[in-house]
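Architecture and fold: a report
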Amino acid sequence: MPRMLTVLSLCWTYLLFCAGLGLFLNGFLLVRLELRSRSSCQDAPFSEAAGRAGDSCWMPRRFSRAVLLVIDALRFDFARSNPGNQNPRPYENKLEVIHRYVASQPQHARLFPFRADPPTTTMQRIKGLTTGTLPTFMDVGSNFASPAIEEDNLIQQLVQNKKKVVFMGDDTWEGLFPNKFFASFPFASFNVRDLHTVDDGILQHIFTTVESGEWDVLIAHFLGVDHCGHRYGPHHPMMAEKLKQMNQMLRTLIATLQNDTLLVVMGDHGMTETGDHGGDSEGEVDAALFIYSPLPMFEMKTVEDPKVVSQIDLVPTLALLLGIPIPYSNIGMVIPDMFTSLPKLDDNQHLEHVKALCINAIQVNRFLESYSQVTKDLPLKKLSYLKQLFSTAMAEYSDLIIHRQVSENIVLDQNHHTRMQNLLITLQQYLRETKEMCGETWAQFNPTHMLFGIVLLAATCVHCFLVSENVSTFESGYKVLIFYPIIWGLAAVLIVNIWMLVSGIIVERLILCCWVAFGSHLGFHWNFWRSKYFNHHITIQLSRSTKAGIQEKWINWWKIFIPLVFLLLRCGAMFSNSFVVNEGQVVAFLLKSIVTFTVLKLKWDGKLNHGLNVPDMHRNPSFIPYKKESLYIIALLVTFLLCILFSHNFHNCREELANCEPSSFLKPLSSLSARQERNFHYILSVFSFALIIYLVRKWFLYYGNLNSSHLIVFFVRLGFPFIVFCSSCYWAINATPEETSTNLQDLKKKIVVVLPGLVFSLTTTGFFIVLWNPITVFVKDNRQSDETLVPFRKNSPEIKVDSQHVIPQIYRKMQQSMKIHFNGDQNESRTVAAYGLGTVYSAPLLVVVVLLTFLLILLHNERMSLAFLLLFLEAFSFLEIHGTATNLTLQSDNTGYFTVPWYAVTAWVLAATQFFYATGHQPTFPTIQWNAAFVGFTEGHGTNILPALLVGMNTFASHILFAVGCPLLLLWPFVHERKSTKSKSTRKESGDEELVMEMRLHENPQMFSVAMLQLGMRYMFAYGIQLLASMCAAAILRRHLMVWKIFTPKFLFEALGFIVTNIYLVITFCFVMRVDVGVSSWFKELLKQSR
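These numbers come from a predicted model, not from an experiment.

Nonpolar side chains in soluble globular proteins tend to end up buried together. In this structure, Y1019 and F1051 are the most contacted members of the largest nonpolar core, which totals 191 residues. The element that contributes the greatest number of residues to this core is helix α37 (residues 1005–1036), accounting for 20 residues. Excluding anything up to four places from it in sequence, F1051 contacts L21, F24, L25, F28, L1027, S1030, M1031 and A1034. Listed in part, the 83 residues of the second largest apolar core include W58, I331, L378 and L427.

What follows is the structure in structure tokens.
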């Protein structure tokens, strides 16, 4: 089988998976339809308000100006003070100016809990705060992009009504509202390590702007509190400093406000106890809203427990207070307390409030009518009920207000007040139920697309399984795997296109891709089962005549069944919310179980018993290695289990786990206040990182891969330690506290860019070097002794190493020796020793793994290097167990080395998932480590691709490393090839006197390609079946209470992990094929020299 066929088959299978996944996502995560209609002054609900276009619209304005301050991540308990608290936390009792005004001037100031609608990411909250709509779940994905808002919004209405809007702060606003601001002072927002740039920039402009008077609405978005939470968490002293800074800013600002100015201070969302946000936990959705007016605005009473205000309710409230139309698509409800103390008509305390609610209800009703005409999403029964409720309320309003205003003598009796209160309740009920209906409607699904997406994905899983189990039997592999599926797929899409031309119906591109996948599956299965039936028909008589064939078939199925049971248990756990929440422990248990079962099975099969039989040991000395390997494999198992046990110390916590404490290792060194503790963890981090490189170098030395003078060997010898040095210096500089001088801070900003940039450059250089020449083999003419080739002192400690693994100084003399051999006396007996040839494939692959590890460790906080050390030790222990077990099992069958058993693939996949949790990640949005986007980039990014790539690599680091290391499952047993697997006479007869290790792969290129394809298909199947399970769980449980909190994030993380894994898997397989080409070229060059 050609190398190219292996890669093309994997790529085509990956595209089939993507087609099914894309179709399911298209049906599961629908985007809300956005209406482009806009409100205007001419659309006034009441005729008397239509003529106020020059001054105010729809309702007389209360304020001429407004200052809107967004303090990002201002949680409600950050703003609320308790004077009786004598031992406050860093975030408590710091905004004392809010408490002072609320307590001393209750008519002027009010503090509300400000409830955010998930997802609690900044861009989605800005959308909600300006449009009055509910963002859909998948809007969280655009937090990197910030596309311009096309829906009607407050900013648009302000500009449309000739208001001067000045903005300063988070540059996300510039992306959402391009060319809308009269003046703008944006600052880069995404660098969560930077606590001061945005806030200090605002403070430089806000007071001068207020004093200038060249503005109607001033918007300032502070980011220091949010970034402090991301970097340190809310319990760090730096949080107290940022809140004190905000307190001083508010005190100064309030003193400069004029009587016609409204001050609104709000948080767009809250944060968890670890400083993250994005989900829907109580700490994330409970923000703060502080309203202040120099003139009396509220009722004369102190509110101990104010009502919770929804964030979208601020939109109609601000619009009416400023005298502009409410945005067209708003479904928020005006805040009742903001209208209760307005000038009252004939002492009716509810009149202005009722009028505001009526205007609000008329606007919402207009939106519902327009939306229901464009799309049929809204449930007709609920829509009819709401229309009836709206009609009843409007009729009552007309009877109570409009008709009575024409009369000069109005007698307001108790019945009138009661009816007015009932009207208030009815209008609030209408607006509240409208919002609930829209929230439920915009979570609708397309079951047809979901079903066919699941079917396509399941068919691709079956495809992977069939290919992995039968690829070696294909007579024409390229036809069954590539040619027929592609031809059938193109035929299917051609038929669909002809149907489109005839019928005039337009089909989406995604649907066309799915038709290609559907035709491809038909082509594969038709030709596969036809050839399968033909071969089975020929051999059926032979199968009936022998019991050995049937017995072997059952043994093979048993070997498949046990590992797949563990995989299916993992899949079944995805249907339970409690198992998903505790998945880190579930996967660790399954991983320990399958590896322990593998070792125990060796015991049950008698592979570990030989060393215990003393008479047999004397009779046959070849049994002695079994005892050594028995002890060795037990030691490896203990190491493996200890690594899993210790890795639990790096787990993060979900907010559903009430008694869970996040690992202290998740906090960066800069968060540690004690100097000794910080120094200890720094030394531990550097030691862990250096130990990884030391162990890898020892492996290279042991197998002779550091002896040649090739550039890649030079890079491993010198480049690896230098990268560790640069990373260590970066950690040391980054761990310095914030309270340093300005000059040192400026120097620090430069160094934290230069050092990571240097690491990135060196690792990229390493990738190009190993791709250019991946061969690490050194050839030595064995007729000359080491003493004649390499002079060294007697009793030197380097003697043993130099004589065992020839150092690069030999290379020049070896060339001369080989030239003499090939051109001189041909009768003289000579041999050539190639050092590192037995690990010619695994050595360059291990170099790539280490280079990736450099990048991934740098993208995590420095204390996670210990977790990566455990990852390496666990992976090495399992590879050693796998290699030893394979050698003990395949004592006389060399072809068995070319098949990676299912238990190894399953355990490798489970280990990748286990270390997803052991590197501090969880399948939830709040636990995404956004800091990774700014490692080496303090000033932000020009595009959104690079930060998304960095955060993705951080999140799926374990998936990447295990995907790149996947071919080691095939290579490692060859590295562990034993001389004792055959008797001496057998080895002489077969010509296998010397161990060839990985060169057996090069000697059997057809089997090598088949083995690689089989391994790739099994790995894809293992991930694909897990993705299928998460899809089914999300689809079946789509009406479950926890679908958006647990099952949907889990599905999305599984989908992203699957995509990332398979991209790196295909790239790695291409690299292995490149190494194989390099090995072939190396042998050809050697043959040319011999001639």
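Before going further, it helps to examine the sheet that holds strand β5 (residues 217–222). Strand pairing in a sheet relies on backbone hydrogen bonds. The paired strands run either parallel or antiparallel. Pairing is mixed in the open sheet, where eight strands are placed in the order β4-β3-β5-β1-β6-β7-β2-β8. Both outer strands of the open sheet, β4 (183–187) and β8 (309–310), are each paired with one neighbouring strand and no more. Examined bridge by bridge, strand β2 (residues 109–115) and strand β7 (residues 286–292) share seven bridges and lie antiparallel to one another. Residue L111 lies in a different strand from β7, and its bridge partner there is F290. Each of β1 (65–71), β3 (165–170), β4 and β5 touches helix α7 (residues 197–212); the most contacted strand, β5, lies at about 160° to it.

Next up on the list: the pattern of salt bridges. Tallying each qualifying case throughout the model produces 20 salt bridges. We note a salt bridge from D152 to R38, for which the minimum N-O separation is 3.9 Å. Of this pair, D152 sits in the loop between α4 (122–131) and α5 (154–160) while R38 sits in the loop between α1 (3–28) and β1, placing them 114 residues apart in sequence. A relative accessible area of 33% means that R38 is categorised as partly exposed. Where R115 meets D286, a salt bridge forms, and the shortest distance between an N and an O atom there is 2.7 Å. With R115 in strand β2 and D286 in strand β7, the pair connects residues that are 171 residues apart, well separated along the chain. Each of R570, E583, K1050 and E1054 takes part in salt bridges that share partners, so that together they form one network.

As for its position among the elements, V686 is in helix α23 (residues 675–702). Note: C-alpha distance between V686 and A732 (46 residues apart in sequence) is 9.8 Å. The residues touching V686, leaving out its near neighbours within four places in the chain, are S728 and W731.

All right, on to the packing of aromatic side chains then. In this description, an aromatic ring pair is defined by two values, namely the gap between the centres and the angle between the planes. One pass over the full model with this rule turns up 43 aromatic pairs. For the ring pair F597 and W604, a centre distance of 5.9 Å and an interplane angle of 75° mean the geometry is edge-to-face. Relative accessible area serves as the criterion here: at 58%, W604 is assigned to the exposed category. Their ring planes at 80° and their centres at 5.2 Å tell us that F720 and F854 sit as a pair that is edge-to-face. Remark: F854 occurs in helix α29 (residues 842–859) and F720 occurs in helix α24 (residues 711–734); sequence separation between them is 134 residues. Judged by its relative accessible area of 0%, F720 is buried. Joined through ring pairs, the aromatic side chains of W699, F700, Y702, Y703, F876 and W972 make up one cluster. Taking the ring centre of W215 as reference, the NZ or CZ of R65 above it sits at 5.0 Å. For R863, the ring lying beneath its charged end belongs to F665, and the centroid distance is 5.2 Å.

Two numbers describe how helix α20 (residues 583–604) lies on helix α30 (residues 865–889): the axes approach to 10 Å, and their chain directions differ by 30°. Comparing the axis directions of α20 and α30 gives the class roughly parallel. For the element pair α20 and α30, the recorded crossing hand is left-handed. Facing α20, whose interface residues are L591, V595, V599 and L602, α30 presents E874, F878, I881, A885, L888 and T889. Looking at the contact of α20 with α30 residue by residue, the classes come out as eight nonpolar, one polar and one charged.

Once that is clear, we can look at the confidence of the model for the chain. Here the chain averages 81 in pLDDT, while 81% of its residues score no lower than 70. Element-level mean pLDDT values for the chain span from 36 in helix α27 (residues 799–804) up to 96 in helix α33 (residues 957–964). In this model, residues 610–624 is a region of pLDDT below 50 whose contacts with residues beyond four sequence positions or in other chains number nine contacts. Note that residues 783–830 has pLDDT below 50 and, in this model, 56 contacts with residues that lie over four places away or in other chains.

Moving on: helix α8 (residues 224–231). Across the eight residues that make up α8, a large majority, eight, are buried. Burial in α8 covers these residues: G224, V225, D226, H227, C228, G229, H230 and R231. Trailing α8 by a residue or two, G233 shows a phi angle of about 95°, which is positive.

Here we take up the state of the cysteines. Joining two cysteines, a disulfide is a covalent bond between their sulfur atoms. One pass over the structure, following the stated rule, counts two disulfides. Here C41 pairs with C57 through a disulfide, and the sulfurs are 1.5 Å apart. Residues C41 and C57 share a disulfide whose torsion about the S-S bond is about 60°; that sign makes it right-handed. Taken together, the residues span a long stretch of sequence, with C41 in the loop between α1 and β1 and C57 in the loop between α1 and β1 at a distance of 16 residues. For C653, the disulfide goes to C660, at an S-S distance of 1.8 Å. Between C653 and C660, the S-S dihedral sits near -65°, and the bridge is therefore left-handed.

Bringing the environment of F589 into the picture now. Here F589 is to be found in helix α20. Along the sequence, F589 and I644 sit 55 residues apart, while their C-alpha atoms lie 9.2 Å from each other.

Let us look at the pairing of β7. The buried fraction of β7 is high, at seven of seven residues. Of the two faces of β7, the one holding D286, A288, F290 and Y292 and the one holding A287, L289 and I291 are both buried throughout. As paired elements, strand β6 (residues 261–266) and β7 share four bridges and run antiparallel to each other. Along β7, the bridge assignment pairs V265 with F290.

The rules behind these values
Residues numbered from 1 in each chain as written. Predicted model: local features only at pLDDT ≥ 70, side-chain atom pairs only at ≥ 80, totals over all residues. Heavy atoms only, no water. Core = buried A, V, L, I, M, F, W, Y, C linked by side-chain atoms within 4.5 Å. Buried < 20%, exposed > 50% of the residue type's maximum accessible area, 1.4 Å probe, protein only. Helix = DSSP H or I, 4+ residues; strand = E, 2+ residues; numbered from the N terminus. Contact = heavy atoms within 4.5 Å. Pairing = 2+ DSSP bridges. Axes fitted to C-alpha atoms, helices over the stretch in contact; angles between N-to-C directions. Salt bridge = Lys/Arg side-chain N within 4 Å of Asp/Glu carboxyl O. Phe/Tyr/Trp six-rings, centres within 6.5 Å; stacked < 30°, edge-to-face > 60°. Lys NZ or Arg CZ within 6 Å of the ring centre and 35° of its normal. Parallel < 35°, antiparallel > 145°, perpendicular 65-115°, else oblique. Left-handed = near helix turned anticlockwise from the far one by under 90°. Nonpolar A, V, L, I, M, F, W, Y, C, P; charged D, E, K, R; others polar. pLDDT = per-residue confidence, 0-100. Disulfide = S-S within 2.5 Å.

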